[in-house]
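Summary of the model geometry
Now for the letters of each chain:
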Amino acid sequence: MIATPNRAHTLFDLTGRVAIVTGGAGLLGYHHGAILAAAGAHVVLLDLAAANPALRAEQLELAHGPACLGLAADITSEHSLLEARDAILAKFSRIDILINNAANNPKVEDQTPGKPWSRLEHFPLETWNADIAVGLTGAFLCSRVFGAEMVKRNQGVIVNVSSDLGVIAPDQRLYRQEGLAENEQPVKPVTYSVVKSALIGLTRYLSTYWTAHNIRVNAISPGGVFAGQPDEFTHKLHQLIPMGRMAHKDEYQGAILFLCSDASSYMTGQNLIVDGGRTVL
């Protein structure tokens, strides 16, 4: 009797596929790469040299088996991305998956009391330009450079990592500090919402642009991840989440694997919200 292939396994099997994760050496980027490697993909972690993507790629390979690659790259530079593309093709000969994960995310709590750089009236233009360059222009350039390789093979998947704050506005009460005047209160910077909202728009555009080449493009909008934030902040945020907590760092892996695999083969142009229910309130 010939064994029937396990449908549940084959739907999520990424054996032999090559997946690029930008910001791949960071907290969530590494975990995105880890689930893809566990499913059999060759994962390429792109990040700044200071983040040591080569070391993180070695860790992925040791943990999960498939050959992985870590490359230092500046995603705001098309020249840097073209060099990365050539290195990836030299090693793996193909590109199947791109996760646009890289973003700037300045910590609100790091600003000096009484000097509210995050407020719209004082927000530095250079910070605006830098955040847009990494979070949005970088996703555009990566999609263009690596998507062009997918077009050649008439197959591919792009996932843009947005945020619950790409769907709803930030609740600035989370960042308030007692004793400060209203015009000195810290806020979530405008660029975060702008970039994350724009990524959803980029997703919809690309999903129809490359349909004829069998390239699916979706977004994921995760909620907050617990990473040692102050107790006062997490307590206030938990009150806004129906599930009553922030996510653990590995809780988006199932959604990432779904979007990157054949399990989502009839899904494109969509934004998958995984936020503990926050945006339904």
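These lines cover the structure that appears in this document, whether it is placed above or below. (Residues numbered from 1 in each chain as written. Predicted model: local features only at pLDDT ≥ 70, side-chain atom pairs only at ≥ 80, totals over all residues. Heavy atoms only, no water.)

**Structural notes on the pattern of salt bridges**
One pass over the full model with this rule turns up 11 salt bridges. Notably, a salt bridge pairs Asp96 with Arg94, separated by 2.8 Å at the nearest N-O pair. Overall, the relative accessible area of 3% leaves Asp96 in the buried class. Judged by relative accessible area, Arg94 falls into the partly exposed class, the value being 25%. (Salt bridge = Lys/Arg side-chain N within 4 Å of Asp/Glu carboxyl O. Buried < 20%, exposed > 50% of the residue type's maximum accessible area, 1.4 Å probe, protein only.)

**Observations regarding the nonpolar core**
Within the largest apolar cluster, 30 residues are counted, with the highest numbers of intra-cluster contacts made by Ile20, Val44, Leu46, Leu81, Ile88 and Phe146. For this core, the secondary-structure elements that each account for two or more residues are strand E1 (18-22), strand E2 (42-47), strand E3 (69-72), helix H4 (78-92), helix H5 (125-153), helix H6 (190-209) and strand E6 (215-222). At 7 residues, the largest contribution of residues to this core is made by H5. In this view, Val44 contacts Val18, Ala19, Ile20, Val21, Leu69, Leu71, Ile88 and Phe92; residues no more than four positions away in its chain are not counted. Ranked by size, the runner-up nonpolar core spans 27 residues in total, among them Leu14, Val43, Cys68 and Ile97. (Core = buried A, V, L, I, M, F, W, Y, C linked by side-chain atoms within 4.5 Å. Helix = DSSP H or I, 4+ residues; strand = E, 2+ residues; numbered from the N terminus. Contact = heavy atoms within 4.5 Å.)

**Here's the deal with the sheet that holds strand E4 (residues 97-100)**
The strands making up a sheet are joined through hydrogen bonds of the backbone, oriented either antiparallel or parallel. A sheet is described by the order of its strands in space; here 7 strands give the open sequence E3-E2-E1-E4-E5-E6-E7, paired in parallel fashion. Pairing within the sheet leaves two strands with one partner each, and these edge strands are E3 and strand E7 (271-274). Recorded for the sheet is a direction-independent mean angle of 20° between the axes of neighbouring strands. In the sheet, E1 pairs with E2 via 5 bridges, with the strands oriented parallel. Opposite Val18, over in E2, you have His42 as the bridge partner. (Pairing = 2+ DSSP bridges. Axes fitted to C-alpha atoms, helices over the stretch in contact; angles between N-to-C directions.)

**Topic: the packing of aromatic side chains**
Enumeration according to the criterion identifies 4 aromatic pairs in this entry. With 5.7 Å between their ring centres and 65° between their planes, Tyr209 and Trp210 make a pair best called edge-to-face. Residue classification places Tyr209 among the exposed positions, given a relative accessible area of 52%. Relative accessible area serves as the criterion here: at 10%, Trp210 is assigned to the buried category. Among the aromatic side chains, those forming a connected cluster through ring pairs are Tyr205, Tyr209 and Trp210. Cation over ring: Arg56 sits above Tyr30, and NZ or CZ is 3.8 Å from the ring centre. (Phe/Tyr/Trp six-rings, centres within 6.5 Å; stacked < 30°, edge-to-face > 60°. Lys NZ or Arg CZ within 6 Å of the ring centre and 35° of its normal.)

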